[in-house]
Amino acid sequence: MLARKSIIPEEYVLARIAAENLRKPRIRDRPRKARFIAKNGACNLAHKNIREQGRFLQDIFTTLVDLKWRHTLVIFTMSFLCSWLLFAMMWWLVAFAHGDMDPSTESTTNSTKWTPCVTCVRSFTSAFLFSIEVQVTIGFGGRMMTEECPLAITVLILQNIVGLIINAVMLGCIFMKTAQAHRRAETLIFSRQAVIAVRNGKLCFMFRVGDLRKSMIISASVRIQVVRKTTTPEGEVIPIHQVDIPVDNPLESNNIFLVAPLIICHVIDKRSPLYDISAADLVLQDLELIVILEGVVETTGITTQARTSYIAEEILWGHRFVPIVTEEEGVYAVDYSKFGNTVKVAAPRCSARELDEKPSILIQTLQKSELSHQNSLRKRNSMRRNNSIRRSNSMRRTNPSLIVPKVQFITPEGNQSASET
């Protein structure tokens, strides 16, 4: 058997590979643009080179609430420890200045009427324990104040005031962190993908929003913004240009009743930034649609906000969301397993501008869809008919009793004729 090299020369192989590479277009992946809002609603923004850091200390309460939990707990612990140590040092100095630390005063106290400022405080450890008892109001009974030192009374009043301030600030900070508005937004969900389809004769951009809790969001409203990089006629580059787009809502108050998952619709008309974008152009567009849902939490009365965004790769052209709300035994049931499921439907691939200029495109698209649907039904029926015939034939082969026997008829002349009934 001849070797492969001897059959096909190397010069011919290399020339053919080079020609095939020249014919094939080289498609390079477009660098993915960083999204402004993540799918979970977090802002993809980093603040750098902030010179005036002191502005954060002017609003210390908001700064503490915005910190991470581990930092808040460290500050919570250190604030109490530092206050206890500070006042322990002050109690130790008061006792030292009054002479309570002198060992000779202990024998003098038993013989004469020597009254210390604080009883049983003869070291820094005992002063630290007394500081904790005062600020936390434990009062074990072994150490207590006397009327001997007015300075000690002043320190007692000062420590009580400082302890109340620390308790109020730190407990209020922890309460605000646990009751933040974005915690309620964790149960407000959006569909992973948005769709563009025909609704009421118009191309519409649609997505689905839902609430997992039974407690409702009062006065809920939805806003949509398009964020893209634009350049003005003067040559100014705006990296984050925000444009509001209207939401189709039949209510005049522009509020939604979010008792069940809803499909939010934006009609692509002349006011829409998507008016000149077709299905082929959508993949090449460098835009991001930000969805903002705002409302008041029914149980707490706090205003909450949920956010998400859709980039061009997450918008399905010619799809529609499947229905997920059904009526079962007098109760409306929501199947959240199909929350983001879509089905392909007939939709023109042109832009909304072309559809307005040539309405016949929509009619032709619907007619083609109807014809393809009828053809698919015919193919399905023919396949079912063929399958039933094959099944019946196979059953006849396997069951000999189902085969119709042949009957012979004998004529008077003696001729036999066979016929099958």
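What counts and how
- Residues numbered from 1 in each chain as written.
- Predicted model: local features only at pLDDT ≥ 70, side-chain atom pairs only at ≥ 80, totals over all residues.
- Heavy atoms only, no water.
- Helix = DSSP H or I, 4+ residues; strand = E, 2+ residues; numbered from the N terminus.
- Buried < 20%, exposed > 50% of the residue type's maximum accessible area, 1.4 Å probe, protein only.
- Contact = heavy atoms within 4.5 Å.
- Areas by Shrake-Rupley, 256 points an atom, 1.4 Å probe, with all protein chains shown as cover.
- Axes fitted to C-alpha atoms, helices over the stretch in contact; angles between N-to-C directions.
- Parallel < 35°, antiparallel > 145°, perpendicular 65-115°, else oblique.
- Left-handed = near helix turned anticlockwise from the far one by under 90°.
- Nonpolar A, V, L, I, M, F, W, Y, C, P; charged D, E, K, R; others polar.
- Core = buried A, V, L, I, M, F, W, Y, C linked by side-chain atoms within 4.5 Å.
- Salt bridge = Lys/Arg side-chain N within 4 Å of Asp/Glu carboxyl O.
- Disulfide = S-S within 2.5 Å.
- pLDDT = per-residue confidence, 0-100.
- Pairing = 2+ DSSP bridges.
- Patch = residues over 30% accessible without salt bridge, like charges linked within 9 Å, V, L, I, M, F, W, Y side chains within 5 Å.
- Polar contact = N/O pair within 3.5 Å; in protein donor to acceptor, adjacent residues only side chain to side chain.

Asker: Kindly report on the overall build of the protein chain, identifying the contributing residues and their values.
Answerer: Helix and strand counts for the protein chain stand at 12 helices and 15 strands. Split into buried and exposed, the 421 residues of the protein chain put 30% on the buried side. In the protein chain, of all internal contacts separated by at least 6 residues, the share reaching a separation of at least 24 is 63%. Total accessible area on the protein chain is roughly 28,900 Å²; 58% of this is exposed by carbon and sulfur atoms.

Asker: Could you give an account of the packing of helix α5 (residues 69–98) against helix α7 (residues 124–136), naming the residues involved and the relevant values?
Answerer: Direction vectors running N to C along α5 and α7 enclose 120°, while the axes themselves pass 8 Å from each other. Of the possible angle classes, the one that applies to α5 and α7 is oblique. In this structure, the crossing between α5 and α7 has a hand that is right-handed. Along the contact surface, α5 presents F80, S83, W84, L85, F87, A88, M89, W91 and W92, while α7 presents F124, A127, F128, F130, S131, I132, Q135 and V136. Broken down by class, the residue content of the contact of α5 with α7 amounts to 14 nonpolar, three polar and no charged.

Asker: Requested: an account of the nonpolar core, with residues and values cited.
Answerer: In terms of nonpolar packing, the biggest core is built from 38 residues, with F205, F207, L289 and L293 touching the most fellow members. The residues contacting F205, other than those within four sequence positions of it, are A194, V195, I196, I264, C265, H266, I268, L274, L289, Y310 and I315. In terms of nonpolar packing, the next biggest core, distinct from the first, is built from 14 residues, A95, A127, F130 and V155 among them.

Asker: Please give an account of the pattern of salt bridges that cites residues and values.
Answerer: All told, the structure shown has eight salt bridges when counted by the stated rule. A salt bridge links E314 to K39; the nearest nitrogen and oxygen atoms lie 3.4 Å apart. Here E314 is found in the loop between β8 (303–311) and β9 (315–317), whereas its partner K39 is found in the loop between α2 (10–23) and α3 (54–58), with 275 residues between them in sequence. The class of K39 is buried, set by a relative accessible area of 18%. Residue D269 is joined to R271 by a salt bridge in which the shortest nitrogen-to-oxygen separation is 3.3 Å. Three or more residues are tied together by salt bridges with common partners; here these are R35, K39 and E314.

Asker: Hey, could you go over the state of the cysteines for me, with residue numbers and the actual values?
Answerer: As used in these notes, a disulfide is a covalent bond between sulfur atoms, one from each of two cysteines. Applying the stated criterion to the full structure yields one disulfide. The disulfide partner of C117 is C149, and the gap between their sulfur atoms is 1.6 Å. Residues C117 and C149 share a disulfide whose torsion about the S-S bond is about -55°; that sign makes it left-handed. Taken as a pair, C117 in the loop between α6 (104–111) and α7 and C149 in the loop between α7 and α8 (150–178) lie far apart in primary sequence, 32 residues in all. You can see C204 has no disulfide; the closest cysteine sulfur is in C265, sitting 3.5 Å from it.

Asker: Any details on the confidence of the model for the protein chain? Residues and values, ideally.
Answerer: Summary statistics for the protein chain give a mean pLDDT of 79 and a share of 78% for residues scoring 70 or more. Low pLDDT, under 50, characterises residues 414–421; the predicted model gives this stretch 15 contacts beyond four residues in sequence or across chains.

Asker: Any chance you could break down the pairing of strand β5 (residues 237–245) for me, citing the residues and the numbers?
Answerer: A regular strand places its side chains on the two faces of the sheet in alternate fashion. Relative to β5, strand β4 (residues 217–231) runs antiparallel, the two being bridged by seven bridges. Bridge assignment links T230 to a residue of β5, and that residue is I238. In this structure, the hairpin formed by β4 and β5 is closed by a connection of five residues, where G235 is found at a positive phi of approximately 95°.

Asker: Got a sec to walk through unusual backbone geometry? Specific residues and values, please.
Answerer: A positive phi angle is found at C120, which is not glycine, with a value near 65°. Tracing the sequence through the fold places C120 in the loop between α6 and α7. In this structure, S219 is a non-glycine residue whose phi angle is positive, near 55°. Counting through the fold element by element, S219 comes out in strand β4.

Asker: Describe a nonpolar patch on the surface, listing the residues and the values that go with them.
Answerer: Where nonpolar side chains cluster on the molecular surface, the patch consists of L57, I60, F61, I153, I157, I161, I165, V169, F175 and M176 and spans about 920 Å² of accessible area. If you list the elements that add at least two residues to the nonpolar patch, you get α4 (60–66) and α8. In terms of residue count, α8 provides more of the nonpolar patch than any other element does, seven residues in total. For F175, the position within the fold is in helix α8.

Asker: Quick rundown of the side chain of S272? Include the residues and the values.
Answerer: Mapping S272 onto the fold places it in the loop between β6 (262–267) and α10 (279–282). Polar contacts involving the side chain of S272 include one to the side chain of H266, which spans 2.8 Å. The contacts of S272, once residues within four sequence positions are left out, are H266 and V267.

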